[in-house]
Amino acid sequence: MPLSECVAVICTRNRPDDLQRTISSIASQSGAEELMVLIVDASDSPAQAHNATLSANYPSLHIRYLSYPGPPSLARQRNFAIDHAPPLAQILFILDDD
(Lines give C-alpha, C1' and ligand atoms only; values in the text may rest on other atoms or scores of the structure.)
Protein backbone atom coordinates (compact mmCIF):
# COMPACT_ATOMS: atom_id res chain seq x y z
CA MET A 1 0.00 0.00 0.00
CA PRO A 2 1.51 3.41 -0.92
CA LEU A 3 2.35 5.94 1.75
CA SER A 4 -0.66 7.88 3.06
CA GLU A 5 -3.16 5.14 2.26
CA CYS A 6 -2.60 3.82 5.79
CA VAL A 7 -2.69 6.42 8.56
CA ALA A 8 -2.20 5.93 12.29
CA VAL A 9 -4.07 8.67 14.14
CA ILE A 10 -2.97 9.52 17.67
CA CYS A 11 -5.03 12.04 19.63
CA THR A 12 -3.24 13.38 22.67
CA ARG A 13 -3.54 15.91 25.47
CA ASN A 14 -0.84 16.74 28.04
CA ARG A 15 0.88 13.34 27.95
CA PRO A 16 4.14 13.89 26.06
CA ASP A 17 5.90 10.91 27.67
CA ASP A 18 3.07 8.55 26.74
CA LEU A 19 2.98 9.95 23.21
CA GLN A 20 6.73 9.50 22.83
CA ARG A 21 6.49 5.85 23.95
CA THR A 22 3.66 5.25 21.49
CA ILE A 23 5.61 6.80 18.60
CA SER A 24 8.67 4.79 19.59
CA SER A 25 6.60 1.60 19.57
CA ILE A 26 5.21 2.39 16.12
CA ALA A 27 8.70 3.13 14.81
CA SER A 28 9.93 -0.28 15.98
CA GLN A 29 7.28 -2.17 13.98
CA SER A 30 8.00 -3.85 10.67
CA GLY A 31 6.74 -1.71 7.79
CA ALA A 32 6.39 1.46 9.89
CA GLU A 33 8.12 3.49 7.19
CA GLU A 34 5.07 2.90 4.96
CA LEU A 35 2.69 4.37 7.53
CA MET A 36 1.78 8.00 8.02
CA VAL A 37 1.37 9.01 11.67
CA LEU A 38 -1.06 11.85 12.26
CA ILE A 39 -0.82 13.43 15.71
CA VAL A 40 -3.76 15.60 16.81
CA ASP A 41 -2.65 17.51 19.88
CA ALA A 42 -4.98 19.35 22.29
CA SER A 43 -2.22 19.84 24.88
CA ASP A 44 -1.38 22.96 26.81
CA SER A 45 1.59 24.98 25.53
CA PRO A 46 4.55 23.22 27.26
CA ALA A 47 3.45 19.75 26.14
CA GLN A 48 2.54 21.01 22.67
CA ALA A 49 6.01 22.47 22.19
CA HIS A 50 7.54 19.09 23.01
CA ASN A 51 5.10 17.07 20.90
CA ALA A 52 5.58 19.28 17.85
CA THR A 53 9.26 18.29 17.69
CA LEU A 54 8.79 14.50 17.89
CA SER A 55 9.18 13.94 14.16
CA ALA A 56 12.85 14.97 14.37
CA ASN A 57 13.49 11.99 16.67
CA TYR A 58 11.99 9.50 14.21
CA PRO A 59 13.28 10.28 10.70
CA SER A 60 12.08 6.93 9.35
CA LEU A 61 8.45 7.79 10.17
CA HIS A 62 6.21 10.11 8.23
CA ILE A 63 4.75 12.17 11.08
CA ARG A 64 2.28 14.96 10.51
CA TYR A 65 1.60 17.08 13.58
CA LEU A 66 -1.65 19.05 13.96
CA SER A 67 -2.45 21.34 16.84
CA TYR A 68 -6.13 20.90 17.68
CA PRO A 69 -7.73 24.38 17.79
CA GLY A 70 -10.90 23.69 19.78
CA PRO A 71 -11.74 22.73 23.33
CA PRO A 72 -10.23 19.33 24.20
CA SER A 73 -12.49 16.43 23.26
CA LEU A 74 -11.36 13.01 22.15
CA ALA A 75 -14.32 12.58 19.79
CA ARG A 76 -13.76 16.02 18.22
CA GLN A 77 -10.03 15.37 17.87
CA ARG A 78 -10.76 12.10 16.07
CA ASN A 79 -13.19 13.82 13.71
CA PHE A 80 -10.61 16.58 13.13
CA ALA A 81 -8.07 13.87 12.20
CA ILE A 82 -10.51 12.29 9.76
CA ASP A 83 -11.14 15.70 8.18
CA HIS A 84 -7.36 16.31 7.85
CA ALA A 85 -6.29 12.84 6.70
CA PRO A 86 -4.56 12.65 3.33
CA PRO A 87 -7.01 12.42 0.43
CA LEU A 88 -5.70 8.97 -0.51
CA ALA A 89 -6.17 7.55 3.00
CA GLN A 90 -8.10 4.30 2.85
CA ILE A 91 -7.34 2.92 6.31
CA LEU A 92 -7.19 4.99 9.50
CA PHE A 93 -6.00 3.36 12.72
CA ILE A 94 -7.08 5.45 15.68
CA LEU A 95 -4.79 4.80 18.64
CA ASP A 96 -4.63 6.05 22.20
CA ASP A 97 -1.45 7.80 23.24
CA ASP A 98 -0.94 5.60 26.29
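So, a few notes on the structure that sits alongside this text. This structure is a prediction, so every number in the text was calculated from the model and none was measured.

1. Regarding the pairing of strand S3 (residues 62–67)
Here is the key point about a regular strand: its side chains alternate between the two faces of the sheet. With six bridges connecting them, strand S2 (residues 36–41) and S3 associate as parallel partners. Bridging across to S3, Met36 finds its partner in His62. Traced from S2 through helix H2 (residues 45–51) to S3, the parallel crossover comes out right-handed.

2. Quick notes on the packing of aromatic side chains
One pass over the structure, following the stated rule, counts one aromatic pair. Between Tyr68 and Phe80 the ring centres are 5.3 Å apart and the planes differ by 85°, which places this aromatic pair in the edge-to-face class. Pair noted here: Tyr68 is in the loop between S3 and helix H3 (74–83) and Phe80 is in helix H3, with a separation of 12 residues, a long-range link. Judged by relative accessible area, Phe80 falls into the buried class, the value being 17%.

3. Some remarks on unusual backbone geometry
Residues other than glycine seldom take positive phi values, yet Asn14 does so here, at roughly 60°. As for its position among the elements, Asn14 is in the loop between strand S1 (6–12) and helix H1 (16–27). Judged by relative accessible area, Asn14 falls into the partly exposed class, the value being 28%.

4. Looking at H3
An α-helical turn contains 3.6 residues, so any two residues separated by three or four positions project in the same direction. Within the sequence span of H3, burial applies to Gln77, Phe80 and Ala81. In a view along the axis of H3, the buried residues occupy a sector of 100°, so they form one face of it. Residues of H3 that are buried sit in contact with S1, S2 and S3.

Scoring rules and cut-offs
- Residues numbered from 1 in each chain as written.
- Predicted model: local features only at pLDDT ≥ 70, side-chain atom pairs only at ≥ 80, totals over all residues.
- Heavy atoms only, no water.
- Pairing = 2+ DSSP bridges.
- Helix = DSSP H or I, 4+ residues; strand = E, 2+ residues; numbered from the N terminus.
- Right-handed = clockwise from strand over helix to strand, strands pointing away.
- Phe/Tyr/Trp six-rings, centres within 6.5 Å; stacked < 30°, edge-to-face > 60°.
- Buried < 20%, exposed > 50% of the residue type's maximum accessible area, 1.4 Å probe, protein only.
- Arc of directions from axis to C-beta.
- Contact = heavy atoms within 4.5 Å.

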